[in-house]
Amino acid sequence: MTGEPKVRTVLGDIDPAELGVTNSHDHLFFASKLLPGQELDDPTHAIHELLSFQGAGGAAVVQWTPFGLGRQTHKLAWMAEELGMHVVAATGLHRAAHYSPTVLTKVIDDLVRVFVDDLVEGTPPTDRPYDPRTGPRAGLIKVAGGYHGVDSHARLTLTAAAVAHDETGAPIAVHLELGTAGLEVVDLLCQKMSVPPERVILGHLNRNPDPMVQREIAETGVFLAFDGPSRANHATDPRLFDGLQALVEAGHGGQILLGGDTTTAAARYVAEGPGMRYLLTTLAPRLTKQLGGDVVTAMLVANPARAFATSWLK
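My aim in this report is to walk through the structure given alongside it, one point at a time. (Residues numbered from 1 in each chain as written. Predicted model: local features only at pLDDT ≥ 70, side-chain atom pairs only at ≥ 80, totals over all residues. Heavy atoms only, no water.)

### Side note on the overall build of the protein
For step 1, the next point in the chain: In terms of regular secondary structure, the protein is built from 10 helices and 12 strands.
For step 2, the next point in the chain: Of all intrachain contacts in the protein linking residues separated by at least 6 positions in sequence, the fraction that spans at least 24 positions is 75%.
For step 3, the next point in the chain: For the protein, the accessible surface area stands at approximately 12,200 Å², while carbon and sulfur atoms represent 52% of it.
For step 4, the next point in the chain: Looking at charge distribution, the protein has the averaged site of its 25 positive side-chain charges lying 2 Å from that of its 35 negative ones. (Helix = DSSP H or I, 4+ residues; strand = E, 2+ residues; numbered from the N terminus. Contact = heavy atoms within 4.5 Å. Areas by Shrake-Rupley, 256 points an atom, 1.4 Å probe, with all protein chains shown as cover. Lys, Arg positive; Asp, Glu negative; His and termini not counted. Charge placed at Lys NZ, Arg CZ, Asp CG, Glu CD.)

Below, the structure written as structure tokens:
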């Protein structure tokens with residue numbers, strides 16, 4: 001790759017140092033058939049979420065909503081400009097269960113083109129892949145593994161993401177279903193498809209709090225996203241702090257990212273849920289007491305600046 005690394009936001013490419021305090025995995029817009037009645041599709045509620053995060057000291061949000069799930073990139077750009085915040089949008093494809101067969105049929109045989117066009121030319125105004133691309137460019141590719149393995153759909157989308165990365169340099173963010181199959185995903189992307197580990201971000205490591213597996217994944221060199229404070233009262237939540245401490249003590253603090261992953265309307269601040277601000281108002285102070293301020297600041301500032309920046313080829 002050539003050129004200085006840049007983060008591709010919905011308002012254009014920026015220097016990584018400009019990113020600031022970052023929510024490394026969240027959703028301002030998201031709609032899946034698996035979550036009926038919980039769609040994130042209200043721009044007013046979305047802007048309130050951004051305002052609450054900004055009011056707590058946040059400067060950037062990375063939306064992991066991929067193609068076909070109501071990502072609304074035009075509205076992301078409008079909100080980013082209005083509030084003076086950095087927002088990164090995604091291309092990619094989620095697990096098959098999130099889509100109707102009709103939507104999958106439109107794109108499944110041409111995923112690389114869909115991903116590359118979103119990253120290079122811009123996103124279409126709707127989730128029809130070949131509409132005129134008048135919207136902002138995506139800044140990462142979001143795909144998903146399977147449950148405890150890489151099923152045929154995951155293999156297809158992960159492979160397409162690797163090819164699109166090879167053409168563009170884009171970071172690849174991966175939803176791990178309940179935190180599983182991280183090593184299998186890394187093997188496919190980094191070993192078989194030769195994607196550099198520092199261009200891969202694995203999400204939901206907190207949902208499978210196995211310290212040995214987390215340590216083994218960290219040793220591959222990929223970024224590790226712990227991204228579930230909006231899912232309060234999950235059985236794995238109390239183990240987040242010890243898991244992060246173990247990784248930091250093992251020398252992997254520079255690979256850890258933090259995010260909210262607000263995927264339901266009920267989790268939003270305006271619905272009396274924790275919302276995006278919880279990351280900074282509650283989680284970060286608690287982590288600071290256990291790990292120290294410099295370590296947590298790195299997770300929120302320096303680490304995302306490296307994780308989401310790349311020397312773009314296109």
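After that view, the rundown keeps rolling.
### Section: the sheet that holds strand β4 (residues 60-63)
Strand pairing in a sheet is mediated by backbone hydrogen bonds. Such pairs are either parallel or antiparallel.
For step 1, the next point in the chain: Strand order across the open sheet formed by 3 strands is β3-β4-β5, with parallel pairing between neighbours. The strands lining the two open edges of the sheet, one partner per strand, are β3 (22-26) and β5 (86-88). Looking at each pair of strands side by side, their axes are set apart by 15° on average, direction ignored.
For step 2, the next point in the chain: Direction of pairing for β3 relative to β4: parallel, over a ladder of 3 bridges. Directly across from D26, in β4, lies its bridge partner Q63. (Pairing = 2+ DSSP bridges. Axes fitted to C-alpha atoms, helices over the stretch in contact; angles between N-to-C directions.)

### Describing the pairing of strand β10 (residues 223-226)
For step 1, the next point in the chain: Side-chain alternation along β10 places F223 and A225 on one buried face and L224 and F226 on a second face that is also buried.
For step 2, the next point in the chain: Two strands pair when backbone bridges link them, and strand β9 (residues 200-203) and β10 are joined in this way by 2 bridges, in the parallel orientation. Within β10, the position partnered with L202 by the bridge is L224.
For step 3, the next point in the chain: Sheet analysis places β10 next to strand β11 (residues 256-258), joined by 3 bridges and oriented parallel. By the bridge assignment, A225 is partnered in β11 with L257.
For step 4, the next point in the chain: Assessed by its sense of winding, the connection that carries the chain from β10 through helix α8 (residues 240-249) to β11 is right-handed. (Buried < 20%, exposed > 50% of the residue type's maximum accessible area, 1.4 Å probe, protein only. Right-handed = clockwise from strand over helix to strand, strands pointing away.)

### Observations concerning the environment of G145
For step 1, the next point in the chain: Secondary-structure assignment places G145 in the loop between β7 (140-144) and α5 (152-168).
For step 2, the next point in the chain: Owing to a relative accessible area of 3%, G145 belongs among the buried residues under this scheme.
For step 3, the next point in the chain: For the pair G145 and L158, spaced 13 residues apart in sequence, the C-alpha to C-alpha distance is 7.8 Å.

### Let's talk about the pattern of salt bridges
For step 1, the next point in the chain: Inspection of every chain in the model, using the stated rule, returns 11 salt bridges.
For step 2, the next point in the chain: For D117, the salt bridge goes to R113, with nearest N and O atoms at 3.6 Å. With a gap of 4 residues between them, D117 and R113 both fall in helix α4 (residues 111-120), about one helical turn apart.
For step 3, the next point in the chain: With a relative accessible area of 12%, D117 lands in the buried category.
For step 4, the next point in the chain: A cluster of three or more residues bridged by salt bridges with shared partners is formed by R8, D13 and R137. (Salt bridge = Lys/Arg side-chain N within 4 Å of Asp/Glu carboxyl O.)

### Quick look at the side chain of T91
For step 1, the next point in the chain: By the element assignment, T91 lies in strand β6 (residues 90-92).
For step 2, the next point in the chain: Apart from the residues within four sequence positions on either side, T91 is in contact with P66, F67, R71, V114, F115, D118, L119, A138, L140, I141 and K142.

### Observations regarding the environment of D166
For step 1, the next point in the chain: In this structure, D166 sits in helix α5.
For step 2, the next point in the chain: On a C-alpha basis, the gap between D166 and L40 in space is 32 Å, while along the polypeptide they are 126 residues apart.

So far we have only geometry, and geometry alone does not tell us how the molecule works.
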